[in-house]
Amino acid sequence: MQAARRPVRHFLQFTDFSRAEYEHLFARTRWIKDRFKRYRRYWPLEDRTLAMIFEKPSTRTRLSFEAGMHQLGGAAIYLFTRDSQLGRGEPVEDAAQVISRMCDLVMIRTFEQSIIERFAHNSRVPVINGLTNEYHPCQILADVFTFIEQRGAIKGKTVAWIGDSNNVCNTWLQAAEIFDFKLNVSTPPGYEKEPDRKTKNSESFADPMQAAKGAHLVTTDVWTSMGFESENETRQRDFEDWQVDAAMMKAARKDALFMHCLPAHRGEEVAKEVIDGSQSVIWEEAENRLHTQKALMEFLLLGKVKGR
Ligand code: CP
Ligand code: NVA
């Protein structure tokens, strides 16, 4: 089933869209969110089906895509590796051929980025990255939108990333280049960014306090990401000094925001007083996963829709 005739676009990493396309997505997000808040029905994706393939657990990503698709008039189907033939070794290329003949859109959460790329290469329909070991573009879509919603333009601002140089950090690095803001990154020794991920918009700091200094936004993530659980014990020791606490927020600007993609571990990567404090916008950030991804699905299936 392939209704759209235009070339298939995917959202596999943040660099897949241009700044102008993000601006369109954010304008659509504002429109879709406002309408949703006023209980006004908007069903542009009636009769469309989203397949959601998960190889790792999720709360926010599953819920926001599933609820979002329903709210746009379509249907969503959840597949977990364990319960599908993918878990029994069916080639990802074969799964892509079949799933994309039955559904209009696919979202995948998996391990290596190469898996989602192989899937997309064999898919007739748009594929969305719902998190890989390397990237989490849907998260940063919501995070940048949330920053702009709270504080206005992100261009020229400073974002401080404290902690692991993981999938979320890699995506912030891509976003910094596209939106032209500065990204200060501080990771413990041995966990630095891979050299080829460094960009002209990023700066590395050995001292997390220095990274946070003067930042408009301070953000972090778990010390141990999904799939890396065997390193947990070592990481607990290595990351001890990379907790975003009140002193670190004080080093940032007075009006700095705090964000976390969630789930969070209070007392590890973030102090309770910060994540539950007045500078934290984590609930707005989480909610915006829903609204931004509705705009993303509309864009991938219908192109640049103008206000309706
Ligand atoms: N932030 C995020 O992607 O959360 P989930 O793992 O719950 O989907
Ligand atoms: N970096 C985390 C993000 C979870 C949403 C992970 O990959 O587990």
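Enquirer: Describe the site of ligand 2, with residues and values.
Expert: Close to ligand 2 lie L131, N166, N167, D221, V222, S225, M226 and L262. The side chain of N167 places a nitrogen or oxygen atom 2.9 Å from an oxygen atom of ligand 2. With respect to ligand 2, the side chain of S225 contributes an N or O atom lying 2.8 Å from a nitrogen atom. Relative to its unbound accessible area of 270 Å², ligand 2 is 94% covered by the protein chains. One can see that ligand 2 is located within the largest pocket. Its residues placed into classes, the shell around ligand 2 shows four nonpolar, three polar and one charged.

Enquirer: Hey, could you go over the environment of E149 for me, with residue numbers and the actual values?
Expert: As for its placement among the helices and strands, E149 is situated in helix α5 (residues 137–151). Expressed as a C-alpha distance, the spacing of E149 and A75, which sit 74 residues apart in the sequence, is 29 Å. Sequence-distant contacts of E149, that is, excluding residues within four places in its chain, are made with K33 and N288. Reaching out from E149, the side chain makes a polar contact with the side chain of K33 at a distance of 2.7 Å.

Definitions and cut-offs
- Residues numbered from 1 in each chain as written.
- Chains lettered and ligands numbered in written order.
- Predicted model: local features only at pLDDT ≥ 70, side-chain atom pairs only at ≥ 80, totals over all residues.
- Heavy atoms only, no water.
- Near = heavy atom within 4 Å.
- Polar contact = N/O pair within 3.5 Å; in protein donor to acceptor, adjacent residues only side chain to side chain.
- Areas by Shrake-Rupley, 256 points an atom, 1.4 Å probe, with all protein chains shown as cover.
- 1 Å grid on protein atoms, 1.4 Å probe; cavity = no way out; pocket = protein on both sides within 12 Å on 5 of 7 lines; lining within 4 Å.
- Sits in = over half its atoms within 2 Å of the grid points.
- Nonpolar A, V, L, I, M, F, W, Y, C, P; charged D, E, K, R; others polar.
- Helix = DSSP H or I, 4+ residues; strand = E, 2+ residues; numbered from the N terminus.
- Contact = heavy atoms within 4.5 Å.

The analysis is restricted to geometry; functional conclusions fall outside its scope.
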